[in-house]
Amino acid sequence: VMDPAMDCVHLLISGKDTQWRLLVEQRSTGYVWGSGECEAMARETSSVTVEQEDQGVMQRSRLQGLKQMSVDKIANIRQRLAEGRRMLRTRSESDELGNSLMTKPECLTNQVGNTRIAVQRDIGRDRQFLSGIFCESSMLTLHNTELELIPQSVYKLPPNVDRVLVNGKLIFLSTFQNSNANSKVSICSSVLAETKATDQHFKQDSVLQSFDLRSHEEILLFSCVHYFQAEETESSKVSSHKTAEVRKTPFRRLVCVTKDQNGDIQKTVVKPTNPENPISSEIAENETKDMIEVNSSQSSEFERKTKSQVELIKQKYSDSCGAYIIVTNLSIFLLKMTLNPVDMFLGYAMRGQMKESETISKSFGLEKNYLLELAGDMRLFESDFSTAVNLYRQAGAKHLKTALKLASNGNVPELLSFLQAVFNTQNLEVSQTEKIHLSNLAMMCYFQQNLVKTFLSRDHFEDKILSFLKNNRWYDQTLAVNQAVETGQWQILNALTQHGGLDFEVAESLVAYMDKMTSQSASKLDEIIRNLASEEKQSMLSTFVLPNLLVSLAANPGAGRSLTKILGHLLPSMNSGQLNSVLHMSCPARRDLQPVLNTVGTDSVEMRQFGRSILELFMLTCLNLLKRKADAGSETGFNKSLVSFVMKPCKEIEDELDCVVTENILSCGFNHTLFRSSGSGEVTTWGATGEGRLGQGRGNSVTSPPGHIQLFNNLSVKVIQVACGKQHSLALTDAGLYSWGSNQFGQLGVGKFPGQTGSPHLVPCLENVVQVECGQFHSICVDSAGVVSSWGWGGHGQMGHGGVEDVHTPHVVEGLRRHKVVQVGAGYAHSLALTWRGDVFVWGSGLFGQMGNGENKKCSWPVKVELPGPVKLVASGYFHNMALMESEQIMCWGSNPQILRLEAQQRKKEKVLQKQLQEKKKLEQIENEKNAWKNGFENESNGDIRDEDSLLSIEPDKGLDPLSIPPPEETNTEMHLSPCLMDTSQIDGKVHSISCGSQHTAILTTNGSLYTFGRNLEGQLGLGSRTSVKVPTAVTALSQDCVCQVATGADFTAAITDSGTVFGWGSNAAGQLGKAPIEADGGNDSSKVLVMKTTKRIIRLQHGLQNSCDMPKPVQGLSKTGIYSEESPDSVHNVMASSFYSRYNKHQLFPPLEPVFHTKLLQTFLHLSIEIFGDIIDMQKLLRKCLVHENPQAAAKISLVEEKVLQAYDLTLQAIIRQNKNVPENIFQSFQYYATFKFTSKEEKSQLFERLVACWQDQRYSFVKLENLILSVADENILHILIFTLFCPITELEDGLDGPGKRNSLTDPRLVDLFSPEFCLKIGDKFIQSVKSTEVEKKNEDQLESVKNIEDGVNFEIQLRNIVTEMMEKELK
């Protein structure tokens, strides 16, 4: 055996009862054990260095010869060793040192006792070690080759062990025959047999297999046989037609060695019968059969991959134990494994015998989890899904890995069932990332299964998909929308917008899908629509006309333009209902479209183009629908009221109702924060992301760092106030009030749908709002007229409408109609309002004293709170209210239920302690009286002695002084039910604002100092400790800063300083301080888990100190802060409501929207759109569309807006004639209207009259009727036009304008000849009277120049024309 340093080689010599160890070689010194040659060899080694290599060869050859010694020679050596031991005893120590070149065998029996030492070899690691067997206890110890006394391992073996071979994880052993049993060969697991030296217990399961020998059969030799692999030799060239590879035999050759009687050795080489293919016929046949089966079976890629992995792992463990030769006195045995341990493990695992597979795994050192997964894979492609999933679970595979295996094998229904079971499991320990992947996988499975379902079962399965999409919050919404679009699941898309508020995602996906399918080609789009079935086409078109698709694309104007083009091309394919939907989604009367349509002053070219495309889509849809109505027989022709301009001026806020809109740029909700920067005006949000409350879309992360709401930037609206509820948010802008987040109780104010939204939606039906506030699940606002509106959760009457129903749209609080409200507030389940007279009204829950009326009952109508004086400011917390009096006093009422509970517990403890103290003092005084009585009895011999019991019974309380024990203080437990004066002695300066949280309050003074008080478990007071404070205490950490605004959340606080820095402190469990919380998933060991006894509910308590901050710290992730900040909260002043809302008010010019556009309303909206937005749209393009759709009156309005009066009148005449009703009157009234415009020149007016006459002639109407119509009106404007046209015609001999008004006196008939002389005289008489009245009214110097300059001999018509021209020009001025 060789030592670990590869230096010394020892020979282990074993006798019957004794063992020796002999050093036979030491390479470092060149020592080799031998007889008589050691000294010469040592001299040669020390003197001749050149021959070291040759000498080393000689040494090794001698060692080899020593190893091949016969039994006789070894016996001779033993004899010489015995003589050496005898001589060793008689020699001195010096002689031993002098002759140390010849080592003597070392006896091991003294060291190891009865333990038999043997040399073992680890084939796998190619190393040697020593084993020791203590036969009396059957203990096996393993040592290194140095034979250290402390063993490396200890094993307990079966009794009667004779021989042992250790090979890695296996121990091969034999037992000797005794009276009870024959000899036996056993294979044990070293892992299972391992024990401690003190443990004598034998484990039966450590024996893997045993073989019994025959009676009287003794083992002579037990040795390992090493197989060697064949060396690769150059094979003969194979002809080109032979392409199959020939597998080589594992043996290079088989040699049979025999020995005859004379001792001669004879060797015979056994060659294979078929040299071309050494594989046995049986193996070849089996392989061929397997190959045919593999090729013939249509196995999946997953199955082939699994089988390949099994073969690889089998090769790894194929030679794990080798083969062993056992020679007995009767037979020779070859011991080797007939089954691969991998096959054994897989077989047991697949049959569910986990104990046996565990034994195999430990015994052979197999990769248990990996093999269990392979077993599951094999069961999976055998369609045994339950067993496969069970094996994956036992392998410790994550749910995601199991799901991916099911998906890769194509088992979609089973995968869906597995995922449903996973999602339905309560308290499932799954990471956030895994939840996201599993949810996305389940969602894709749902869509895939819906495609393969039959028509009858598809509706039922769609309900399952919708239920999953509603209840699961981890899937990727954009991916879900894309899947629904690409698979044509139009109903699901409608539901996603209705319940999830995914209008923006649906719109973007539709545009991208259509662009991909059509390459923006109109012909390809037509082909797609044409190839769709009727029902599917209608479903697709209904999805395209969802009401909020267009307005949602304000965040992506480019996609919005593409959607308008697609809708414009699809109009001919839509029915009337779908056209009506297009009108509603693109109507310019929608208030949420005003920022898109009114892009004056914006730098975004795309936004301006998007607004123009929306208007063009609306007008084109109007024309299409009017054309369809006309074709259906409806009267859609000329409308006399639409000849003139329909637009009326906007309604402005009355001066007495105008008020200030107060700025509020910071707000804290339950666990999220809103902040509007003063520099850029961006709205930044951070904290919890659930239900889309941050307005940044619904992300998959639980929390979010500070991020911007891009919609407000794209729309260029100004945000002046922000407010936060628990799961929703509000922002007041100059375009109206926007809301986003959860709409479970209607707190968004947009109706019952969507159920939630991650992007801002405009709240309808609200005008001129000056303040907004959020409760926990409800919202409230007040407008410039002092009218209060509320919406959302009404379970406690906090709506103020007289009931407890939820309200989904803003409704006016009628109980406050008579009062002008200037401020509102909202708590958890109550609301309050402050009037201009200083009165405070409260309504909603009063369970914890919020009503302030001394009771704890709810009220659904506003109730006035009795206060000692007028109030100038109010604030509402979750369960309490604060009021700042004009006298600078602060009143408080209401209390948090947790505080009340803790106070009640404290009072109960105090009462118990007080009672215990009274009992103790009473017992002490009784004991004192007893002692005093006994002492008196002993000292007074003649005194009056009374019985002790009678003394105590007659005057039981005589010795108990009631004044000595103070009575318990009677605490008023109902103080919170009524307003109480608060101690403000520590507040320096006047109070500027108050902000209330759940259990704490912050007070800001006019000098920028901040004070806080209340509960402080999360450090929300910012005082550097966690101690609660009952009186306002200064936040010293901000004493060097001037605080401009403060906001309180549930258990955290935020503030802005004059430097523009935003500070936050308190709880950060949801990232509401702007940084990611520790233990965001709540899955590490530092969190505590509680299980409720009654409900078995599991509650995970995160480490509070890690997710909270008790000192104000700047919020990270915002834009520049501190001295580099662009923020300056004091620079933006409060504005008047009339000025603030003056930008986006064009929606007020339209009549109220109706569910269905009837003909008259449709025409009105079309004409109003032309009048209001004529400077935005392409009028010539729209004019052509009007003519194509046979709507000349709309075309006339376009011409009128462009001040083309003649063209407008011509188109109006066409519309009148097409209508064919009251044509003469309408023709004349239209002429009368167009002739009144100041921008119409005298020549154009003349031409208008000529066209009137020409049309009259064409229609063959009586001129008498025309004369009567003219005389019935005969105002100055008409008279001037008639005189100028009839009596002062412009001929080609005179200067004048070219065109229809220029007449040829030689060929053209005179217009005056078409009228009767009586009519002409009447007209002339009226004109003269008009001129005379004008001259009389004016002084001499103001007379008409043309009248002054009348000369004789000058052409009468020219002078008359000059007079009329001057009068007409004065009219225009």
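Residues numbered from 1 in each chain as written. Predicted model: local features only at pLDDT ≥ 70, side-chain atom pairs only at ≥ 80, totals over all residues. Heavy atoms only, no water.

Chemist: Go over the overall build of the protein chain with me, naming the residues and quoting the values.
Modeler: In terms of helices and strands, the protein chain carries 41 helices and 51 strands. When the accessible area of the protein chain is evaluated, it comes to approximately 71000 Å², of which 51% is carbon and sulfur surface. (Helix = DSSP H or I, 4+ residues; strand = E, 2+ residues; numbered from the N terminus. Areas by Shrake-Rupley, 256 points an atom, 1.4 Å probe, with all protein chains shown as cover.)

Chemist: Lay out the sheet that holds strand E43 (residues 1043–1048) in plain terms, naming residues and giving numbers.
Modeler: If you trace the four strands from one edge of the open sheet to the other, you get E43-E44-E45-E48, paired in antiparallel fashion. A single partner strand is all that each edge strand has here, and the edge strands are E43 and strand E48 (1108–1114). Here the average twist between neighbouring strands, direction ignored, is 10°. Pairing between strand E44 (residues 1052–1057) and strand E45 (residues 1062–1067): five bridges, direction antiparallel. Residue pairing across strands places Phe1052 opposite Gly1066, the latter belonging to E45. (Pairing = 2+ DSSP bridges. Axes fitted to C-alpha atoms, helices over the stretch in contact; angles between N-to-C directions.)

Chemist: How would you sum up helix H33 (residues 1192–1201)? Please name residues and give values.
Modeler: Counting buried residues in H33 gives nine out of 10 residues, a clear majority hidden from the surface. Turning to H33, the residues buried within the fold contact helix H31 (1159–1172), helix H32 (1179–1188), helix H34 (1205–1219) and helix H35 (1223–1234). Once H33 ends, the next one or two residues include Glu1203, with phi positive near 60°. (Buried < 20%, exposed > 50% of the residue type's maximum accessible area, 1.4 Å probe, protein only. Contact = heavy atoms within 4.5 Å.)

Chemist: Can you tell me about the pairing of strand E35 (residues 871–876), naming the residues and giving the values?
Modeler: Among the six residues of E35, five are classified as buried, and the element is accordingly described as predominantly covered. Sheet topology places E35 next to strand E36 (residues 880–885); five bridges connect them, and they run antiparallel. In the sheet register, Ser876 faces E36, and the bridge partner there is Asn881. In this antiparallel pair of consecutive strands, E35 and E36, the connection spans three residues.

Chemist: Please give an account of the environment of Lys1221 that cites residues and values.
Modeler: Following the sequence through the fold, Lys1221 ends up in the loop between H34 and H35. By relative accessible area, which is 41% here, Lys1221 ends up partly exposed. The spatial distance from the C-alpha of Lys1221 to the C-alpha of Phe638 is 8.9 Å, given a sequence separation of 583 residues. Setting aside anything within four residues of it in sequence, one finds Lys1221 in contact with Glu635, Ile1216 and Asn1226.

Chemist: Which residues make up a negative patch on the surface, and what values do they have?
Modeler: On the surface, a cluster of negative charge is made up of Asp459, Asp463, Glu535 and Glu536. Of all the secondary structure elements, the ones that give two or more residues to the negative patch are helix H16 (455–471) and helix H21 (534–544). Relative to the elements of secondary structure, Asp463 occurs in helix H16. (Patch = residues over 30% accessible without salt bridge, like charges linked within 9 Å, V, L, I, M, F, W, Y side chains within 5 Å. Salt bridge = Lys/Arg side-chain N within 4 Å of Asp/Glu carboxyl O. Lys, Arg positive; Asp, Glu negative; His and termini not counted. Charge placed at Lys NZ, Arg CZ, Asp CG, Glu CD.)

Chemist: Give a description of helix H17 (residues 477–486) that names residues and reports values.
Modeler: Burial in H17 covers these residues: Gln477, Ala480, Val481, Gln483, Ala484 and Val485. For H17, the N-terminal capping position is held by Asp476, with its side-chain oxygen 3.0 Å away from the main-chain nitrogen of Thr478. (Polar contact = N/O pair within 3.5 Å; in protein donor to acceptor, adjacent residues only side chain to side chain.)

Chemist: Quick one: what's the story with the pattern of salt bridges, residue by residue and with numbers?
Modeler: Inspection of the entire model under this criterion finds 33 salt bridges. The closest approach of N and O atoms between Arg676 and Glu663, which form a salt bridge, is 3.2 Å. In this pair, Arg676 is assigned in strand E20 (residues 672–676) and Glu663 in the loop between strand E18 (660–661) and strand E19 (666–668), connecting sequence segments 13 residues apart. Residue classification places Arg676 among the buried positions, given a relative accessible area of 6%. Given the relative accessible area of 17%, Glu663 is considered buried. Salt bridges sharing common partners tie together Glu373, Asp377, Lys401 and Lys405.

Chemist: Can you tell me about unusual backbone geometry, naming the residues and giving the values?
Modeler: For the bond from Phe753 to Pro754, the omega torsion is 5°, close enough to zero to count as cis. Looking at where Pro754 falls in the secondary structure, it is placed in the loop between strand E25 (736–742) and strand E26 (756–762). Unusually for a residue other than glycine, Glu691 sits at a positive phi of about 60°. As for its position among the elements, Glu691 is in the loop between strand E21 (683–688) and strand E22 (703–708).

Chemist: Tell me about the packing of aromatic side chains, and name the residues and values.
Modeler: A full pass over the atoms with the stated rule returns 31 aromatic pairs. Seen from their ring centres, Phe777 and Tyr828 are 6.5 Å apart, and the 75° between their planes marks the pair as edge-to-face. Taken together, the positions of Phe777 in the loop between strand E27 (769–774) and strand E28 (778–783) and Tyr828 in the loop between strand E31 (821–826) and strand E32 (830–835) put the pair 51 residues apart, joining distant regions of the chain. For Phe777, a relative accessible area of 11% puts it in the buried group. Of the residues examined, Tyr828 reaches a relative accessible area of 26% and is grouped as partly exposed. Taking NZ or CZ as reference, Arg473 lies 4.9 Å from the ring centre of Trp474, over its face. (Phe/Tyr/Trp six-rings, centres within 6.5 Å; stacked < 30°, edge-to-face > 60°. Lys NZ or Arg CZ within 6 Å of the ring centre and 35° of its normal.)

Chemist: Give me the lowdown on the packing of H17 against helix H18 (residues 490–500), citing residues and values where you can.
Modeler: At their nearest, the axes of H17 and H18 sit 8 Å apart, and the two run at 150° to each other. The angle between H17 and H18 falls in the class roughly antiparallel. As for the relative orientation of H17 and H18, their crossing is left-handed in sense. Contacts between H17 and H18 pair Val481, Ala484 and Val485 from the former with Trp490, Ile492, Leu493 and Leu496 from the latter. (Parallel < 35°, antiparallel > 145°, perpendicular 65-115°, else oblique. Left-handed = near helix turned anticlockwise from the far one by under 90°.)

Chemist: So, the side chain of Glu462: which residues are in play, and what are the values?
Modeler: Inspection of the secondary structure assignment puts Glu462 in helix H16. Overall, Glu462 belongs to the buried group, its relative accessible area being 14%.

Chemist: Which residues make up the environment of Arg21, and what values do they have?
Modeler: Tracing the sequence through the fold places Arg21 in strand E2 (residues 19–26). Note: C-alpha distance between Arg21 and Pro105 (84 residues apart in sequence) is 5.4 Å. Discounting chain neighbours no more than four positions away, the residues touching Arg21 are His10, Leu11, Lys104, Pro105, Glu106, Leu108, Thr145, Glu146 and Leu147.

Chemist: So what about the confidence of the model for the protein chain? Which residues, and what values?
Modeler: For the protein chain, mean pLDDT is 79; residues scoring 70 or higher make up 76% of the total. Below a pLDDT of 50 lies the segment residues 268–298, which in the model reaches 17 contacts outside its immediate sequence neighbourhood of four places, other chains included. Counting interchain partners and residues more than four positions distant, the pLDDT-below-50 stretch residues 1080–1086 has 10 contacts. (pLDDT = per-residue confidence, 0-100.)

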